[in-house]
Amino acid sequence: WDINITQEAEKIGLVTRCVDDPMEEAMKIAKEIIERSPDSVAATKALFQSTWVADEETCLKKETDLQKKLIATWNQVAASGRQFGVNLPYFRRRRDFS
């Protein structure tokens, strides 16, 4: 890609950022995601997909509903524990948030 095109895309908001090695950056992000609760990843995806063009009130209600489903689930506890150095060995099968 032409560096001027990618910098312009970043400048006008078509991309979040440009990096020298996209594959390395993608792998770094993927490694971060797999350390998170699979339920929270699925809920984030559901929230994004269902509120893409929704008004603010609808977005906040959907986010609240999803957070209530996540609180105190095994996967959330396991992910939180990992953030504090407690290595819980596995995640359970993720819930359906669609």
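Look above for the structure.
In this report, we go over the structure that sits alongside the text. Since the model is a prediction, treat every value here as computed from it, not as a measurement. (Residues numbered from 1 in each chain as written. Predicted model: local features only at pLDDT ≥ 70, side-chain atom pairs only at ≥ 80, totals over all residues. Heavy atoms only, no water.)

## Brief notes about the overall build of the protein
Within the protein, the regular secondary structure consists of 5 helices and 0 strands. Ordered by position from N to C terminus, the α and β elements of the protein give α-α-α-α-α. What you see for the protein is a C-alpha radius of gyration of 17 Å, clearly larger than the 13 Å of a compact globule of 98 residues, by over 25%. Viewed in the frame of its principal axes, the protein has a C-alpha envelope of about 45 × 35 × 20 Å. A total of 98 residues make up the protein; the buried ones form 18% of that total. Look at the contacts in the protein between residues 6 or more apart in sequence, and 47% of them connect residues 24 or more apart. Here the protein displays about 8,100 Å² of accessible surface, and carbon together with sulfur accounts for 56% of that area. Put simply, the protein has 15 plus and 16 minus side-chain charges, and the middle of one group is 11 Å from the middle of the other. (Helix = DSSP H or I, 4+ residues; strand = E, 2+ residues; numbered from the N terminus. Rg over C-alpha atoms; globule rule 2.2 N^0.38 Å. Buried < 20%, exposed > 50% of the residue type's maximum accessible area, 1.4 Å probe, protein only. Contact = heavy atoms within 4.5 Å. Areas by Shrake-Rupley, 256 points an atom, 1.4 Å probe, with all protein chains shown as cover. Lys, Arg positive; Asp, Glu negative; His and termini not counted. Charge placed at Lys NZ, Arg CZ, Asp CG, Glu CD.)

## Quick look at the nonpolar core
In terms of nonpolar packing, the biggest core is built from 6 residues, these being A42, A43, A46, L66, L70 and F97. Elements supplying a minimum of two residues to this core: α3 (38-50) and α4 (56-70). By residue number, the principal contributor to this core is α3, which donates 3 residues. (Core = buried A, V, L, I, M, F, W, Y, C linked by side-chain atoms within 4.5 Å.)

## A short note on unusual backbone geometry
Unusually for a residue other than glycine, A72 sits at a positive phi of about 65°. Positionally, A72 belongs in the loop between α4 and α5 (74-83). A relative accessible area of 66% means that A72 is categorised as exposed.

## With respect to α5
Of all the residues in α5, the buried ones are N75, A78, A79 and G81. Seen end-on, α5 carries its buried residues on one side only, within an arc spanning 160°. Residues of α5 that are buried make contact with α3. (Arc of directions from axis to C-beta.)

## Things to note about the packing of aromatic side chains
How two aromatic rings sit relative to each other is given by the distance of their centres and the angle of their planes. Under the criterion given, the structure shown has 1 aromatic pair. Centroid distance F48 to W52: 4.9 Å. Interplanar angle 75°. Geometry classified as edge-to-face. Judged on exposure class, the residue F48 and its partner W52 are both exposed. It is R82 that lies over the ring of F91; its NZ or CZ is 4.2 Å from the centre. (Phe/Tyr/Trp six-rings, centres within 6.5 Å; stacked < 30°, edge-to-face > 60°. Lys NZ or Arg CZ within 6 Å of the ring centre and 35° of its normal.)

Interpretation note: all reported values are geometric properties and have no functional meaning in isolation.
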